[in-house]
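# Descriptive structure summary
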Amino acid sequence: MLTTRCIWQQAEHNAFTDLIWFGQALWCVFREGSAHVSPDGAFRLLRSADRGQSWHSVALISARDADLRDAKLNTDANGNLLLLGAGALHHPEQHSHQSYLWQSGDGYSWSAAQPVGEPDIWLWRMVWQQQRRLSPHCYAVGYRVGPDKLVRLYHGCSPLRLTPLADMLSGSYANESGLLFEPDGTALCLLRRDPDHGLFGQSKAPYTDWQWQDVGCRIGGPQWLQLPDGKLLACVRLYDEKVRTSLCWIDRQSGKLTEWQTLPSGGDCSYAGMVLRDDTLYISYYSSHEGKTGIYFSELNLPAH
């Protein structure tokens, strides 16, 4: 059974979410600002100690010199909460964008922004992978903003020391992504392209050679996870007929996407966070189907695997 409710609508524009389980609570982060693109974009962080029944604002992160966009949450080996986001710089004479990392021990007090990656390459999301006999390594996919389009994979023993590993794709305007590692170490990437169909990519270590398949449709704001039975479940924006946010299966053999469950949504929407606890899937996303953009939270009991 699917249940959905709006959990935040206080700013003029509320969008671009992520979700994580941290410290026995759900944490949701999103951008709030005066418009979809505006100089006052900041990150609002909400916490729920009762699995999404009630939410409370615990932090607001802003920057004087940038519109902050597309926050993503993660943790590190020391138990800290990490927040990755991009700044669209107010004074782009040298560079237009820079990715930043913030760190927190409790989710309430945050470090100053620390630049990561390369200027003008928008790091989308960090993923940890346990390497054999080595400490976990952090990986992130970024895309170049501006001319000379490319998608680049970064890695490092620390998210503060990410270095380029491989250029995964060039030419078309590929940008937003989801990155997963399978138990055997295979890397999987779900990639948005505009205005083309999305791509499903696979690569074996050391992740310098990628094979791509067309998912069969245009997608936006991809996020996904691997279920205990190995199935790949994504949450994306779909553009055919009515624009909407939907849960979709990804076939790892063909790369094709199959819509499964449409979430209450429409218009300016998508950019989901996903957390799986036992057989319950928790999803954050934003939508404008009820007029003003708001942050929505869905709870879905998954079928037995």
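Shown above is the structure to which this text applies.
Treat the numbers as computed from the prediction; the structure is a model and nothing was measured.

## Section: the side chain of Arg 125
Within the element layout of this structure, Arg 125 appears in strand β10 (residues 121-129). Polar contacts involving the side chain of Arg 125 include one to the side chain of Asp 18, which spans 3.2 Å. For Arg 125, the side chain forms a polar contact with the side chain of Gln 223, separated by 3.4 Å. When near neighbours in sequence (up to four residues on either side) are disregarded, Arg 125 contacts Asp 18, Lys 72, Leu 84, Tyr 139, Ala 140, Val 141, Gln 223 and Ala 272.

## A look at the sheet that holds strand β6 (residues 66-75)
Read across the open sheet, the four strands follow the order β6-β7-β8-β9; overall the sheet is antiparallel. Each edge of the sheet is formed by a strand with only one pairing partner; in this case those strands are β6 and β9 (114-116). Ignoring which end each strand starts from, the neighbouring axes of this sheet average 35 degrees apart.

## A word on the pairing of strand β13 (residues 163-170)
In terms of strand pairing, strand β12 (residues 150-156) meets β13 through six bridges, oriented antiparallel. Looking at the pairing, Arg 152 lines up with Asp 167 of β13. In sequence, β12 turns back onto β13 through a hairpin of six residues.

## Thoughts on unusual backbone geometry
Note that the residue after Asp 194, namely Pro 195, is joined by a cis bond; omega there is 0 degrees. Residue placement: Pro 195 occurs in the loop between β15 (187-194) and β16 (199-203). The step from Ala 205 to Pro 206 runs through a cis peptide bond, and the omega angle for that step is 10 degrees. Here Pro 206 is to be found in the loop between β16 and β17 (211-214). Unusually for a residue other than glycine, Asp 148 sits at a positive phi of about 55 degrees. With respect to the helices, strands and loops of the structure, Asp 148 is situated in the loop between β11 (137-144) and β12. By relative accessible area, which is 60% here, Asp 148 ends up exposed.

## Details of the pattern of salt bridges
The full count for this structure, using the stated rule, is 14 salt bridges. Its salt-bridge partner being Asp 18, residue Arg 125 comes within 3.2 Å of it at the nearest N-O pair. With Arg 125 in strand β10 and Asp 18 in strand β2 (residues 13-22), the pair connects residues that are 107 residues apart, well separated along the chain. Residue classification places Arg 125 among the buried positions, given a relative accessible area of 9%. Between Arg 152 and Glu 118 there is a salt bridge whose closest N-O contact spans 2.8 Å. Here the residue Arg 152 occupies a position in strand β12, and Glu 118 occupies one in the loop between β9 and β10, the gap between them amounting to 34 residues. The exposure class assigned to Arg 152 is buried, which follows from its relative accessible area of 12%. Put simply, Glu 176, Arg 192, Asp 194 and Arg 218 are held in one network by salt bridges that share partners.

Conventions we followed
- Residues numbered from 1 in each chain as written.
- Predicted model: local features only at pLDDT ≥ 70, side-chain atom pairs only at ≥ 80, totals over all residues.
- Heavy atoms only, no water.
- Helix = DSSP H or I, 4+ residues; strand = E, 2+ residues; numbered from the N terminus.
- Polar contact = N/O pair within 3.5 Å; in protein donor to acceptor, adjacent residues only side chain to side chain.
- Contact = heavy atoms within 4.5 Å.
- Pairing = 2+ DSSP bridges.
- Axes fitted to C-alpha atoms, helices over the stretch in contact; angles between N-to-C directions.
- Buried < 20%, exposed > 50% of the residue type's maximum accessible area, 1.4 Å probe, protein only.
- Salt bridge = Lys/Arg side-chain N within 4 Å of Asp/Glu carboxyl O.

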